[in-house]
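Structural overview
As a plain string of letters, each chain reads:
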Amino acid sequence: MADEAYENPRLAALYDPLDADRGDLDVYAAVAAELKAHQVLDVGCGTGTFALLLADRGLRVTGVEPAAASLDVARSKPGSERVRWIHGDATALPAMRVDIAFMTANVAQAIVDPEVWEDTLRAVRAALRPGGHLVFETRDPARRAWQEWNRAATHKTVTVDGIGDVQTWVEVTGVSLPLVTFRSTVVLTATGETLTSDSTLRFRERDEVVASLTAHGYVVDEIRDAPDRPGRELVFLARRPEQSAAPLDLPGRGTESR
């Protein structure tokens, strides 16, 4: 089940205005160019910002997202007809052969259930062509990023067209490693209305991620630093080998649209 931040239509509509600087996505667009990708899978595509960025560059993109409200936002954006949108998780994917699959931002860490993580790696591998890549980021647990997730450090006010000033901040509500839970708060200043969403992220160790990828038949080609958060995140570039088994016959659990 998706977090309220992505599933609640009112919060989903505020997602882009409250996080307008998506310079972090330029790194992944550069990786797509570096690997000469033409067909791309965006896992956990959210409101479609990255999928549409790649489509604008002429790539063929499929975006899969479990939160219907976020997907509705994506579908409403200019140029959305160029992206194949699928409502569901990675196991909802139809048969495909993509050059590269991405999980940007918090997507990999938001998959907290170990079985769902295994299912996701298996399903994405089946969607990759032999030689295709899976690229994703995860925060380095050693940096203990959650220690900075408090109201004083994260509070900001953003003026949103048609709504006015919106205050937002996050606060940690629980730490039981490898899981960290936090609450996102949004306050509509004009009315005083408060909307909240609780989220949990899983902080996987580097060796744990490598082991899970290897167990599912990936080759880990490289682990890079995240240029936008140097020393804080690990960016994994994993590959389905050229000599690869036939794709798994996975039942679809979602619906697609264009």
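Above this text sits the structure in question.
Here goes a summary of the coordinates provided. (Residues numbered from 1 in each chain as written. Predicted model: local features only at pLDDT ≥ 70, side-chain atom pairs only at ≥ 80, totals over all residues. Heavy atoms only, no water.)

**Brief notes about the pattern of salt bridges**
- What the rule picks out here adds up to 13 salt bridges.
- Note that aspartate 56 is salt-bridged to arginine 82, the shortest N-O span being 2.5 Å. Here the residue aspartate 56 occupies a position in helix α4 (residues 49-56), and arginine 82 occupies one in the loop between α5 (68-75) and β3 (83-87), the gap between them amounting to 26 residues.
- In this structure, the salt-bridge partner of glutamate 233 is arginine 229, at a minimum N-O distance of 2.4 Å.
- Among the charged side chains, a network of salt bridges with common partners joins Glu34, Glu222 and Arg224. (Salt bridge = Lys/Arg side-chain N within 4 Å of Asp/Glu carboxyl O. Helix = DSSP H or I, 4+ residues; strand = E, 2+ residues; numbered from the N terminus.)

**Some points on the side chain of arginine 202**
- Positionally, arginine 202 belongs in strand β9 (residues 193-202).
- No salt bridge is formed by the buried arginine 202; its nearest oppositely charged neighbour, glutamate 208, is found at 4.3 Å. (Buried < 20%, exposed > 50% of the residue type's maximum accessible area, 1.4 Å probe, protein only. Lys, Arg positive; Asp, Glu negative; His and termini not counted.)

**Some thoughts on the pairing of strand β2 (residues 60-65)**
- Burial runs high along β2: five of the six residues are buried.
- Summarising the sheet, strand β1 (residues 39-43) and β2 pair through five bridges and their orientation is parallel. Its bridge partner being in β2, leucine 41 is matched across the sheet by threonine 62.
- Once the chain exits β1 it traverses α4 before rejoining the sheet at β2, and the crossover so formed is right-handed.
- Bridge analysis of β2 against β3 gives five bridges, and the strand direction is parallel. In the strand pairing of β3, glycine 63 is matched with tryptophan 85.
- A crossover connection joins β2 to the parallel β3 through α5; in handedness this β-α-β unit is right-handed. (Pairing = 2+ DSSP bridges. Right-handed = clockwise from strand over helix to strand, strands pointing away.)

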